[in-house]
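In case you want the letters, here they are:
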Amino acid sequence: MTIVEMLARNARLMPDDIALVEVSPGKNTRREITWLEFEEQANKLANALIERGVAKGDVVMHMMVNSIDWLVGYFSILKTGAMAAPLNFRFIARQIKYCADIAQPVAVILDHTFIERIVEIKNDLKSVKQFLYLGGEKPEGMEDYISVLDKSSSKSPDIALSSNDEAGLYFTSGTTGEPKATCLCHRSLEHVAVNENFSHRESKDDCFLLLPPLYHTGGKMHWFGSFIAGARTVLTPGGERITAKVILELFSKEKITLAMVLVPWIQDIVAALDGGQLDMADYDISSLRLIHSGAQPIPAVLIKRLFYYFPRVDFDENYGLTESAGPCMHLGLENFHKLGSFGRPRLNVDARVVDMNGNDVPRGTVGEMILKGNHIMKGYYKNHELTAQALKNGWLYTGDLVRQDEDGFFYYVDRKKDLIISGGENIYPVDLESVLIGHSKIKDVAVIGIPDERYGEVVAAIFQPVNGHTVTEAEIRSYFEPLLPKYAWPRLVLFDNVPRNPTGKIEKLKLRKKYADLRWEHQ
């Protein structure tokens, strides 16, 4: 059963039950829709897209921030048989165009947060025939999302879907350079929904708090476990500042039973409670049964501190990547004693630790983790070379270095490449370096990750000026800030020689050792 069929089933069996609740504490607004309304709105938008020429196998680019409308738009695309290509809301115009050049979308659904960036590149999006806009005043050359919805039929489109049909393109990189479009089939999405529910035992009586961005495979795929059960879900709209107080208030007021809470938010909650700014006595969390997290390595000491305040709540840590359709391994609710590990493979998922030749290594030995299962991507869209590098004999080579203990639990060690993970976002140093080196006064540049308690890592950039020239940090920042999404900005700007070996490769190990004790002072 595809997730499109799951939505139709929920609408038929539980038509009047609340499916989604959108709460904005900052604006003091609350909006909700039932399963039937969810299904009918998705049908209306799907029929409108079909009437405008969207066909099975096409790509529709999806550019919205978190909202009920984001999920309606996502399902409407799938109902047409097209592939949904949700984009990171932090992408700048240049990155959006690059993704569009790969995906060749025939239509774009967007909201007001993207409008300036789209207007900037609209004439270059040659493949796009239709723009549906949700926001204020409708820009020239676009149709109003609400008007289109009002005029369309709520009947389910007659589009046959199979598990092997392509469902989505998820772009793995967002810094600059060459993002890879991961192609996921309906089979992958169905697998994740069943697996998430099996892991966390969601039922119709649960209420899931969905905070992470929906464009990412993490937050949405974790929601699938509640979705398949017909459980109610609460989300906050894009642009809403998520604070420790907001999270605790939502736990209490919405009677949340389980939530995906990322490490920076866990840190905020612990700091606010430790510092006395918040008091658990002010919140009723009696309904809460599970907090789970992921997207970056999670310090065991932080989780222990959190559960000093949540002693009767279960915890789970998840591991996943875009190429695995998100979560594919987890610690397990019964394994709190294994904190520090991201657990073992989920139901019907296989994992191995191998050496550079693909041979299994003994337990306790560091190697690359490879994965197998129905959740794995079909490949990188229109990139056979990269697909062949990642998929070998049915196994996905993750590029993550791990070790496995005597009980079969996996522990994260490092990245096979120099990938930086900051707040759950993947940042590729080579891509950043290719932009930063463009400054006229810079001879060489190297990018490394610096440990950070809040974000896991932050970016440090080492600049080597052209001989005879001086350059200030302010000059450097004024150069790169318009060219990069904010999450990829170097938080530490350093001036030093960039060491390279005889073959011309940057010796990043030397730089990491030299700056091992350096830390970013949060603003």
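Residues numbered from 1 in each chain as written. Predicted model: local features only at pLDDT ≥ 70, side-chain atom pairs only at ≥ 80, totals over all residues. Heavy atoms only, no water.

Visitor: Any chance you could break down the nonpolar core for me, citing the residues and the numbers?
Guide: In terms of nonpolar packing, the biggest core is built from 114 residues, with Phe38, Tyr74, Trp223, Phe224, Phe251 and Phe310 touching the most fellow members. At eight residues, the largest contribution of residues to this core is made by helix 3 (residues 68–79). Core analysis: the next-biggest nonpolar cluster, separate from the first, contains 48 residues, Cys183, Val435, Val459 and Ala488 among them. (Core = buried A, V, L, I, M, F, W, Y, C linked by side-chain atoms within 4.5 Å. Buried < 20%, exposed > 50% of the residue type's maximum accessible area, 1.4 Å probe, protein only. Helix = DSSP H or I, 4+ residues; strand = E, 2+ residues; numbered from the N terminus.)

Visitor: Pulling in residues and values, what's your account of the sheet that holds strand 14 (residues 314–321)?
Guide: Spatial ordering of the open sheet is given by 2-1-11-10-12-13-14-15-16, a layout of nine strands whose pairing is mixed. Because the sheet does not close on itself, it has two edges, and the strands there are strand 2 (29–34) and strand 16 (344–345). Two elements, strand 14 and strand 15 (residues 326–330), share four bridges in a ladder whose sense is antiparallel. Bridge pairing links Asn318 to His330 in strand 15. (Pairing = 2+ DSSP bridges.)

Visitor: Account for helix 3, naming residues and giving values.
Guide: For helix 3, with 12 residues, the first-to-last C-alpha span of 17 Å sits near the 16 Å given by 1.5 Å per residue. With 12 of 12 residues buried, helix 3 is to be regarded as a mostly interior element. The N-terminus of helix 3 is capped by Ser67, whose side-chain oxygen sits 3.3 Å from the backbone nitrogen of Asp69. Looking one or two residues beyond helix 3, the residue adopting positive phi is Gly81, at roughly 90°. (Expected span 1.5 Å × (residues − 1). Polar contact = N/O pair within 3.5 Å; in protein donor to acceptor, adjacent residues only side chain to side chain.)

Visitor: Describe the side chain of Thr182, listing the residues and the values that go with them.
Guide: Note on placement: Thr182 falls in strand 9 (residues 181–185). The class of Thr182 is buried, set by a relative accessible area of 0%.

Visitor: Let's hear about the pattern of salt bridges: which residues, and what values?
Guide: For the structure shown, the criterion picks out 26 salt bridges. Note that Glu143 is salt-bridged to Arg52, the shortest N-O span being 2.6 Å. Separated by 91 residues along the polypeptide, Glu143 in strand 7 (residues 143–144) and Arg52 in the loop between helix 2 (35–51) and strand 3 (59–63) bring together distant segments of the chain. Its relative accessible area of 26% is what places Glu143 among the partly exposed residues. (Salt bridge = Lys/Arg side-chain N within 4 Å of Asp/Glu carboxyl O.)

Visitor: I'd like a description of the environment of Tyr381, backed by residues and values.
Guide: As for its placement among the helices and strands, Tyr381 is situated in the loop between strand 19 (379–380) and helix 12 (384–390). Tyr381 sits in the buried class, given a relative accessible area of 19%. Spatially, the C-alpha atom of Tyr381 lies 25 Å from that of Glu433, the residues being 52 residues apart in sequence. Filtering out sequence-adjacent residues up to four positions away, Tyr381 remains in contact with Val59, Met83, Ile102, Ala103, Leu169 and Ala181. (Contact = heavy atoms within 4.5 Å.)

Visitor: Could you give me a rundown of the environment of Leu20, with the residues and numbers involved?
Guide: Inspection of the secondary structure puts Leu20 in strand 1 (residues 18–24). In the structure, Leu20 is positioned 246 residues away from Ile266 in sequence and 24 Å away in space, judged by C-alpha atoms. If we skip the residues at most four places from it in the chain, Leu20 touches Arg31, Glu32, Ile33, Phe38, Ile68, Leu71, Trp223 and Thr233.

Visitor: Hey, could you go over the sheet that holds strand 27 (residues 492–495) for me, with residue numbers and the actual values?
Guide: Taken together, three strands build an open sheet; the order of strands is 25-26-27 and the sheet is mixed. Every other strand in the sheet has two partners, leaving strand 25 (442–452) and strand 27 as the edge strands with one partner each. Sheet twist, expressed as the average angle between the axes of neighbouring strands with direction ignored, equals 25°. Seen against the sheet, helix 13 (residues 429–436) touches strand 25 and strand 26 (456–465) and runs at an angle of roughly 140° to strand 25. Contacting strand 25, strand 26 and strand 27, helix 14 (residues 473–480) crosses the sheet at an angle of about 125° to strand 27. (Axes fitted to C-alpha atoms, helices over the stretch in contact; angles between N-to-C directions.)

Visitor: Describe helix 7 (residues 186–200), naming the residues involved and giving the relevant values.
Guide: Here helix 7 is 15 residues long and its end C-alpha atoms lie 22 Å apart, about the 21 Å a rise of 1.5 Å per residue gives. Most of helix 7 sits inside the fold, with 11 of its 15 residues counted as buried. Among the residues of helix 7, His186, Ser188, Leu189, His191, Val192, Ala193, Asn195, Glu196, Asn197, Ser199 and His200 are the ones counted as buried. Positioned one or two residues after helix 7, Arg201 has a phi angle of 55°, which is positive.

Visitor: Kindly report on the packing of helix 9 (residues 244–253) against helix 10 (residues 263–274), identifying the contributing residues and their values.
Guide: Following both chains from N to C, one finds helix 9 and helix 10 inclined at 90°, their axes separated by 8 Å at the closest point. Between helix 9 and helix 10, the crossing angle belongs to the class labelled roughly perpendicular. Residues Ala244, Ile247 and Leu248 of helix 9 form the contact with helix 10, whose participating residues are Trp265, Asp268, Ile269, Ala272 and Leu273. In terms of residue class, the contact of helix 9 with helix 10 is built from seven nonpolar, no polar and one charged. (Parallel < 35°, antiparallel > 145°, perpendicular 65-115°, else oblique. Nonpolar A, V, L, I, M, F, W, Y, C, P; charged D, E, K, R; others polar.)

Visitor: Give a description of the packing of helix 3 against helix 8 (residues 217–229) that names residues and reports values.
Guide: How two helices pack is summed up by the angle between their axes together with the distance between the axes. Between helix 3 and helix 8, the shortest axis-to-axis distance is 14 Å and the interhelical angle comes to 85°. By the angle between their directions, the pair helix 3 and helix 8 is classed as roughly perpendicular. On helix 8, the residues touching Trp70, Leu71, Tyr74 and Phe75 of helix 3 are Lys220, Trp223, Phe224 and Phe227.

Visitor: Explain the packing of aromatic side chains to me, and be specific about the residues and the numbers.
Guide: Inspection of the entire model under this criterion finds 19 aromatic pairs. An angle of 90° between the planes, with centres 6.5 Å apart, marks the rings of Phe315 and Phe336 as edge-to-face. Of this pair, Phe315 sits in strand 14 while Phe336 sits in the loop between strand 15 and strand 16, placing them 21 residues apart in sequence. Here Phe315 falls in the buried class, since its relative accessible area comes to 2%. Overall, Phe336 belongs to the partly exposed group, its relative accessible area being 35%. What links up through ring pairs into an aromatic cluster is the set Trp35, Phe38, Trp70, Tyr74, Phe75, Trp223, Phe224 and Phe227. A cation sits over an aromatic face here: Arg403 above Tyr411, 4.4 Å from the ring centre. (Phe/Tyr/Trp six-rings, centres within 6.5 Å; stacked < 30°, edge-to-face > 60°. Lys NZ or Arg CZ within 6 Å of the ring centre and 35° of its normal.)

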